[in-house]
Amino acid sequence: MTPGRVLVVDDTAFNRRLLVRLLTSIGHETVEAEDGRQALDRLTDAGAAAIDLVLLDIVMPVMDGYETLAALRADERLRDLPVIVISGVDELDSVVRCIQMGATDYLPKTVDPEILRARVDASLTQKRLRDNERDLLATIDRQRTQLSRFLSPQVAALVSSADGEAMLAGHRREITAMFCDLRNFTVFSETAEPEEVLGFLRAYHATMGALIVEHEGTLEHFAGDGFMTFFNDPVLQPDHAARAITLATAMRERFASLSADWRRRGHVLELGIGIATGYATMGRIGFEGRYDYGAIGNAIIMAARLSGDAAPGEILVAARTFAEAEPDLPAAITAQPAGDRQLKGFSRAVPTFSMHRAPSATPEEATR
Amino acid sequence: MTLDPNAMAHLLEITGGDPEFVDELIDTFIDDAQSQIAGLRAAVDTGDDAAAVRPAHSLKSNSLNVGATTLADLSRSIEEDGRGGPIADLAARVESIATEFESVRAALLAERAAR
């Protein structure tokens, strides 16, 4: 058994001496406190060595065992610290109360060295398991944070969730896909300096990326000037169609201020956005060593085609998406019929709407 | 019983047969008991019966550990009565505790001397 550092809290010197003696004889290090107040001061002393276990008397002056337990359980850092209550044989009611308050175990006051050793060892083992568990959780959390820098936050969360494996293996679900890219980007990248193009792309990715995260879209991929984002997966979003449209209008508004600078320098850049709703199959796509969370389905292709068909600055939405979104859309967002579009790969013409947003009153609203 | 004849043997046993440490415990018991009795007397003087509970409780548990059975019983009865409200004859009972403690102390020191 690895020795631990035990805090003995008792107002009578007799009990402290006896307990300290017994604990040191089985290899543990001890620290003493005469009441709960002293114990808490020692436990919250950042400069002092960490305590592994507390042996706590109940009846004490200044601050008794109950108050001490309550204070320990209310403290984030001390909540998991094991506490063994020391009690007389005629104090079983108090023991029950202490255990309900979070004490780990109890020891009779007329100490039996074997019982003391067994209970102290059991509590220290439990604490070590809990500490390991906490370290493990912290590691998982850190990995998830790191992962979320490479993946969409939703996908990063999915990877470490209980049903993650089944979801990654592949599932079918209705989603709303949004595809957006830039008009005139090719001309811009040929005429501007490469450093300028990179600088612009960084600002563009940062701005659009922040909006996608804010609207809780799942970013499937981005390549150069294009983004593919979808909604309702892996996290269910009943208002997925409205979310996509709201995001698109926010992107367009934000893009206007981003591109104003470039416009003055003679580069006219505009977004073209396409949005479509339909069933798709989502899951792990790729090969060992390089997998992506991807979506396959007609909605994705239709969104890309609509984006290609959109006029500069236009948000072109499939009629089905608009119908689903309409009840959830903010009043400021309105739609105009934009005709039936013949899209490559689709045998039937797709009825569409073009989305508009009334200039918002406050800048805060514009980001919604 | 002023002193349980097995108590000293028990203390020796649980401390791994270290007579010096048992002596230290006896001294600590005597010191603790004196301040516990002072606490009981202070409760009598101020008429605050509730203040007698904590020293009575501590004296009881220490007495049990050294095998001072009678002293433990006297203390326990004060502790128990005190939890329920005013304690009948507190002053007289505290004095019998003080008298019993003197017998316990004498017995403990005699035990030590006999070793």
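Just so you know, these numbers come straight off a predicted model, no measurement behind them. Residues take numbers from 1 onward in each chain, read along the sequence in its written order. Labels are handed out in written order, letters beginning with A for the chains and numbers beginning with 1 for the ligands. In view of the model being predicted, local features appear only for residues whose pLDDT reaches at least 70, and side-chain atom pairs are presented and counted only at 80 or more, with totals across whole chains, interfaces and linings using the full set of residues. Working from all heavy atoms in the structure, the side-chain values ignore hydrogens and water.

A.B. asks: Would you mind going over the side chain of Asp57 of chain A with me for this structure?
C.D. replies: A run of H or I in DSSP counts as a helix once it spans at least four residues, and a run of E counts as a strand once it spans at least two, with each numbered from the N terminus. Relative to the helices and strands, Asp57 of chain A resides in strand S3 (residues 53-57). In this structure, Asp57 of chain A is in contact with Val9, Asp10, Asp11, Gly65, Ile86 and Lys109 of chain A, ignoring residues within four places of it in sequence. Residue contacts are counted whenever heavy atoms from the two residues lie within 4.5 Å of one another.

A.B. asks: Help me out: how do you make sense of the interface of chain A and chain B in this one?
C.D. replies: By a widespread convention, an interface's size corresponds to the accessible area lost as its parts come together. Counting residues at the interface gives 18 residues for chain A, matched by 22 residues for chain B. Here the buried area means the combined drop in accessible surface, using a 1.4 Å probe, for two parts upon being joined, counting both sides. It is Phe14, Arg17 and Arg21 of chain A in chain A that bury the most area against chain B; as a group they hold 37% of the surface buried on that side. We define a salt bridge as a contact between a side-chain nitrogen of Lys or Arg and a carboxyl oxygen of Asp or Glu at a distance within 4 Å. At the junction of chain A with chain B, the criterion picks out three salt bridges. In this structure, Arg17 of chain A and Glu24 of chain B form a salt bridge, with 3.6 Å as the shortest nitrogen-oxygen distance.

A.B. asks: Please explain a nonpolar patch on the surface as it appears in this structure.
C.D. replies: Residue and element names in this part refer to chain A. Residues form patches when they are more than 30% accessible in relative terms and have no salt bridge. Like charges link within 9 Å. Nonpolar side chains (Val, Leu, Ile, Met, Phe, Trp, Tyr) link within 5 Å. Per-residue accessibility takes into account occlusion by the displayed protein chains alone, with areas from the Shrake-Rupley method and a 1.4 Å probe. Nonpolar side chains collect at one region of the surface, where Leu136, Leu137 and Ile140 lie side by side and expose about 280 Å² of accessible area between them. When you line up the elements, Leu136 lands in helix H5 (residues 113-147). Overall, the relative accessible area of 54% leaves Leu136 in the exposed class. Working definition: with a 1.4 Å probe on protein chains only, accessible area under 20% of the residue-type maximum means buried, over 50% means exposed, and in between means partly exposed.

A.B. asks: Can you walk me through the sheet that holds strand S2 (residues 29-33) of chain A in this structure?
C.D. replies: Residue and element names in this part refer to chain A. Judged by pairing direction, the sheet is parallel, and its five strands sit side by side in the order S2-S1-S3-S4-S5 without closing on themselves. Taken across any chain shown, the strands that pair with only one partner, and hence form the sheet edges, are S2 and strand S5 (105-108). Averaged over all pairs of adjacent strands, the angle between their axes in this sheet comes to 25 degrees, without regard to strand direction. Two strands qualify as a pair provided that DSSP identifies no fewer than 2 bridges between them. Strand direction decides the pairing type here: S3 and strand S4 (residues 83-87), joined by four bridges, are parallel. Its bridge partner lying in S4, Leu55 is registered against Ile84. With axes taken as lines fitted to C-alpha atoms, and helix axes fitted only over the stretch in contact, angles between N-to-C directions fall between 0 and 180 degrees. On the sheet, helix H1 (residues 13-25) packs against strand S1 (5-9), S2, S3 and S4 and is oriented at approximately 165 degrees with respect to S2. Running over the sheet, helix H3 (residues 65-74) touches S3 and S4 and is turned about 150 degrees from S3.

A.B. asks: Can you help me understand the packing of helix H3 (residues 53-66) of chain B against helix H4 (residues 69-83) of chain B in this one?
C.D. replies: Helix-helix packing is described using two parameters, namely the angle between the two axes and the distance between the axes. Residue and element names in this part refer to chain B. Look at H3 against H4: their axes get within 8 Å of each other, and the N-to-C directions meet at 150 degrees. Taken as axis vectors, H3 and H4 run roughly antiparallel relative to one another. In this structure, H3 crosses over H4, and the sense of that crossing is left-handed. Of H4, the residues touching H3 (which contributes Val53, Ala56, His57, Leu59, Lys60, Ser63 and Leu64) are Leu71, Ala72, Ser75, Arg76, Ile78, Glu79, Gly82 and Arg83. Taken together, the residues of the contact of H3 with H4 break down into seven nonpolar, four polar and four charged. Oblique is the label for any angle not covered by the other classes, which are roughly parallel (under 35 degrees), roughly antiparallel (over 145) and roughly perpendicular (65 to 115). Crossings are classed by handedness, with left-handed meaning an anticlockwise turn of the near helix from the far one by less than a right angle and right-handed meaning a clockwise turn. We call Asp, Glu, Lys and Arg charged. Ala, Val, Leu, Ile, Met, Phe, Trp, Tyr, Cys and Pro are nonpolar, and the rest, Gly among them, are polar.

A.B. asks: Please explain the pattern of salt bridges as it appears in this structure.
C.D. replies: Once the charged atoms of two side chains with opposite charge are near each other, the side chains can pair. Across all of its chains, the model carries 34 salt bridges over all chains by this definition. Here Arg341 of chain A ties to Asp309 of chain A by a salt bridge, and the two come within 3.2 Å at their closest N and O atoms. Taken together, the residues Arg341 of chain A in strand S12 (residues 333-341) and Asp309 of chain A in helix H11 (residues 298-309) connect sequence positions 32 residues apart. Of the residues examined, Asp309 of chain A reaches a relative accessible area of 33% and is grouped as partly exposed. With a closest N to O distance of 3.6 Å, Arg112 of chain B and Asp23 of chain B form a salt bridge. Of this pair, Arg112 of chain B sits in helix H5 (residues 90-114) while Asp23 of chain B sits in helix H2 (residues 19-46), placing them 89 residues apart in sequence. Each of the salt bridges in this network shares a partner with another, and the network as a whole consists of Asp52, Lys127, Asp131 and Arg134 of chain A.

A.B. asks: For this particular structure, what's the right way to read the pairing of strand S7 (residues 218-223) of chain A?
C.D. replies: Each regular strand shows side chains that alternate between the opposite faces of the sheet. Residue and element names in this part refer to chain A. With five bridges connecting them, S7 and strand S8 (residues 226-231) associate as antiparallel partners. Opposite Ala223, over in S8, you have Gly226 as the bridge partner. Here S7 folds back onto S8 in antiparallel fashion, the turn holding two residues, of which Gly224 has a positive phi close to 60 degrees.

A.B. asks: Hey, could you run me through the packing of helix H2 (residues 36-43) of chain A against H3 of chain A in this one?
C.D. replies: All names here are of chain A. Running from N to C, H2 and H3 point in directions that differ by 25 degrees, and their axes come no closer than 9 Å. Taken together, the axes of H2 and H3 are roughly parallel relative to one another. Helix-helix and strand crossings are classified by hand; for H2 and H3 the assignment is right-handed. When H2 is examined against H3, the residues Gly36, Leu40 and Leu43 are found in contact with a partner set consisting of Thr68, Ala71 and Leu72. The residue makeup of the contact of H2 with H3, split by class, is four nonpolar, two polar and no charged.

A.B. asks: What's the story with the confidence of the model for chain A in this structure? I'm lost.
C.D. replies: Residues shown with low pLDDT carry predicted positions that ought not to be read at fine detail. In this model, chain A carries an average pLDDT of 87, and 96% of its residues clear a pLDDT of 70 or more. Within chain A, helix H13 (residues 363-366) of chain A has the poorest average pLDDT of any element, 49, and strand S11 (residues 315-318) of chain A the best, 97. You can read pLDDT as the predictor saying how much it trusts each residue, on a scale of 0 to 100.

A.B. asks: Which parts of the structure should I look at to understand the pairing of strand S10 (residues 290-296) of chain A?
C.D. replies: Residues and elements named next belong to chain A. Sheet topology note: the strand S9 (residues 270-287)/S10 ladder contains seven bridges and is antiparallel. Across the sheet, residue Phe287 finds its bridge partner in S10, namely Arg290. Where S9 hands over to S10, the hairpin turn is made up of two residues, of which Gly289 adopts a positive phi near 100 degrees.

A.B. asks: Can you walk me through the environment of Pro3 of chain A in this structure?
C.D. replies: Residue and element names in this part refer to chain A. Relative to the helices and strands, Pro3 resides in the segment before S1. Once the C-alpha coordinates of Pro3 and Thr24 are considered, the two residues, 21 residues apart in sequence, prove to be 9.4 Å apart. Residues in contact with Pro3, not counting those within four places in the same chain, are Gly27, His28 and Arg128.

A.B. asks: What is the right way to look at H2 of chain B in this model?
C.D. replies: Note that an α-helix has 3.6 residues per turn; residues three or four places apart therefore point the same way. Residues and elements named next belong to chain B. Expected helix span is taken as 1.5 Å per residue step, with the number of steps being one fewer than the number of residues. Across its 28 residues, H2 extends 41 Å between first and last C-alpha, which sits within 8% of the 40 Å expected from 1.5 Å per residue. Any pair of N or O atoms that falls within 3.5 Å is considered a polar contact. Within protein, one atom must be able to donate a hydrogen and the other to accept it, and sequence-neighbouring residues count only if both atoms are side-chain atoms. With a side-chain oxygen lying 3.1 Å from the backbone nitrogen of Glu20, the N-terminal cap of H2 falls on Asp18. Taken from the residues just after H2, Gly47 is the one with a positive phi, measuring 70 degrees.

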